[in-house]
Amino acid sequence: MPVISFANQKGGVGKTTTSINLASALAEKGRRVLIVDLDPQGNSTVSLGYDRKDVFISIYEVLIEGMNPQSAVFPTVQDGLFIIPANENLPGAEVLLVDKPNRMHLLAAALSVIRSQYDFIFIDCPPSLGILTLNGLTASDSVLITLQPEFLALEGLTQLLKTIDLVREQLNPSLDIAGVLLTMYDSRTRLTREVETEVRSFFKGKTTVFKTVIPRNVRIAEAPSHGLPVTIYARRSPGAMAYRDLAEEVLYVTETRTGQGFESPDTSDRTAGIENTVGGAGKGTDLVDGDTRLPDSPESPPAPV
Ligand SMILES: Nc1ncnc2c1ncn2[C@@H]1O[C@H](COP(=O)(O)OP(=O)(O)OP(=O)(O)O)[C@@H](O)[C@H]1O
Ligand SMILES: [Mg+2]
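As a starting point, this report considers the structure included with it.

Around ligand 1, the surrounding shell holds 20 residues, and the nearest of these are Gly11, Lys15, Thr16, Thr17 and Pro127. Put simply, the parts of the chain that give the shell around ligand 1 at least two residues each are α1 (15–28) and α9 (218–222). Counting residues per element, the shell around ligand 1 draws most heavily on α1, at three residues. A per-class count over the shell around ligand 1 returns seven nonpolar, ten polar and three charged.

Dropping the structure here:
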């Protein structure tokens, strides 16, 4: 029952779209999937048909008020797909979390109560590397990184990969990278194909780059305004089919390696490579609190909910 974060501090790279549609495709295949909307923008909540104003029990109440996570789980239009939504309180959560003891482990503690009920839990993180995203990464077995094949696509990854390394060192030693997914892919442009080649050779032998790519497809962009995953809104569209292919690939990776989870890549070369490429800061610099270390150590046990 992997817990997977969809994280990238870069905005608009398909985190929410992929978490919803991959989750829906997995649910179509009979898996029980829970999406946690950890983004104050509430995009996955809205995209699955909920109005943030009407949500009274959300991830905010779970994290800040210690509410039982089970009471925050809502059904969706897709059988087997559930959501812990975001509401209009969530934008205030980062500030309130700063003073909480064990603040980086609150989501991990909450999910530990319910994770055995789901085949997958997906965490849709905000486009930042603040406390909410760190809670997501601390609660996860792995991160799925979505990437738009555009100029300088790899440069934007530097900070994310460094953050993943810091989380491994200080909060969650077993955090893996589930894989890198190319999305909004336009095979007609030479740039897309060139960036794809660059990304695949860059990660070769270290981190899975999914064979499936998600095409740029207008049905994918339309579906959220109808409150539906594209797998329901336009069942036979290229976008829906691509997310079903991705679901097959994810199932292959997770279910053929029983008990192993995702592969644990050696990221040391990769990180060095990226830092050399873009002249990034050295390892060990904390990205959240300046030069101080992250305040919670991995030894801190999750707080009971
Ligand atoms: N394959 C696609 N084809 C066409 N449009 C897409 C595709 N994937 C995503 N989009 C659109 O691109 C926009 C950004 O996607 P999305 O919201 O999933 O990104 P995000 O990384 O979650 O953004 P944020 O960082 O703001 O949370 C949305 O309007 C979405 O509908
Ligand atoms: Mg999003």
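Assignment of secondary structure puts Gly227 in the loop between α9 and α10 (230–233). Here the alpha-carbon distance between Gly227 and Ser47, two residues 180 residues apart in the chain, equals 4.6 Å. Residue contacts for Gly227: discarding those within four places in its chain leaves Ser47, Leu48 and Gly49.

Take the nonpolar core next. Counting 85 residues, the largest nonpolar core has Val33 and Ile59 as its most contacted members. Those residues in contact with Val33, other than ones at most four positions away along the chain, are Ala23, Leu26, Ala27, Gly80, Leu81, Tyr118, Asp119, Phe120 and Phe122.

One open sheet accounts for seven strands, arranged β3-β4-β2-β5-β1-β6-β7; its pairing is mixed. The open sheet has two free edges, formed respectively by β3 (74–75) and β7 (176–182), since each of these has just one partner strand. Where strand β1 (residues 3–6) and strand β6 (residues 142–147) come together, three bridges link them in parallel fashion. Note on β6: the bridge partner recorded for Ile4 is Ser142.

What follows covers α1. For the α-helix, the turn length of 3.6 residues means that residues three or four positions removed from each other point alike. Taking 1.5 Å as the rise per residue, α1 with 14 residues should run 20 Å; its terminal C-alpha atoms sit 20 Å apart, in good agreement. Across the 14 residues of α1, 14 count as buried, placing the element largely inside the fold. Among the residues trailing α1, Gly30 stands out with phi positive, at a value near 95°.

Moving on, we come to helix α11 (residues 238–256). With 19 residues, α11 should cover 27 Å at 1.5 Å per step; its first-to-last C-alpha distance of 27 Å lies within 8% of that length. Buried residues of α11: Gly239, Ala240, Ala242, Tyr243, Arg244, Leu246, Ala247, Val250 and Thr254, and no others. Summarising the contacts, the buried residues of α11 are in contact with α1, β7, α9 and α10.

Interaxial distance between α1 and α11 falls to 8 Å at its minimum, and their mutual angle equals 70°. Considering their axes alone, α1 and α11 lie roughly perpendicular with respect to each other. Taken together, the residues of α11 that come into contact with α1 (itself represented by Asn21, Leu22, Ala25 and Leu26) are Tyr243, Arg244, Leu246, Ala247 and Val250. Of the residues contributing to the contact of α1 with α11, the split by class is seven nonpolar, one polar and one charged.

So, on to the pairing of strand β5 (residues 120–124). Of all five residues in β5, five are buried; the element is thus mostly enclosed. Residues Phe120, Phe122 and Asp124 point to one face of β5 and Ile121 and Ile123 to the other, with burial holding for every one of them. Where β1 and β5 come together, four bridges link them in parallel fashion. The residue bridging Ser5 from the neighbouring strand is Ile123, located in β5.

To continue, consider the packing of helix α5 (residues 106–114) against helix α6 (residues 131–138). Between α5 and α6, the least distance of the axes is 7 Å, while the angle of their chain directions is 45°. As far as their axial angle goes, α6 and α5 are oblique. Every pair of crossing elements has a handedness; the one defined by α5 and α6 is right-handed. Across the interface between the two elements, Leu106, Leu107 and Ala108 of α5 pack against Asn135, Gly136 and Thr138 of α6. Grouping the constituent residues of the contact of α5 with α6 by class yields three nonpolar, three polar and no charged.

Let's shift gears to the pairing of strand β2 (residues 33–37). β2 sits mainly inside the fold: five of its five residues count as buried. Pairing of β2 with β5 involves five bridges; the strand directions are parallel. Counted as the bridge partner of Val36 is Ile123 from β5.

Calculation criteria
Residues numbered from 1 in each chain as written. Chains lettered and ligands numbered in written order. Predicted model: local features only at pLDDT ≥ 70, side-chain atom pairs only at ≥ 80, totals over all residues. Near = placed C-beta within 6 Å. Helix = DSSP H or I, 4+ residues; strand = E, 2+ residues; numbered from the N terminus. Nonpolar A, V, L, I, M, F, W, Y, C, P; charged D, E, K, R; others polar. Contact = placed C-beta atoms within 7 Å. Core = buried A, V, L, I, M, F, W, Y, C linked by C-beta atoms within 7 Å. Buried ≥ 20, exposed ≤ 12 C-beta atoms within 10 Å, placed from the backbone. Pairing = 2+ DSSP bridges. Expected span 1.5 Å × (residues − 1). Axes fitted to C-alpha atoms, helices over the stretch in contact; angles between N-to-C directions. Parallel < 35°, antiparallel > 145°, perpendicular 65-115°, else oblique. Left-handed = near helix turned anticlockwise from the far one by under 90°.

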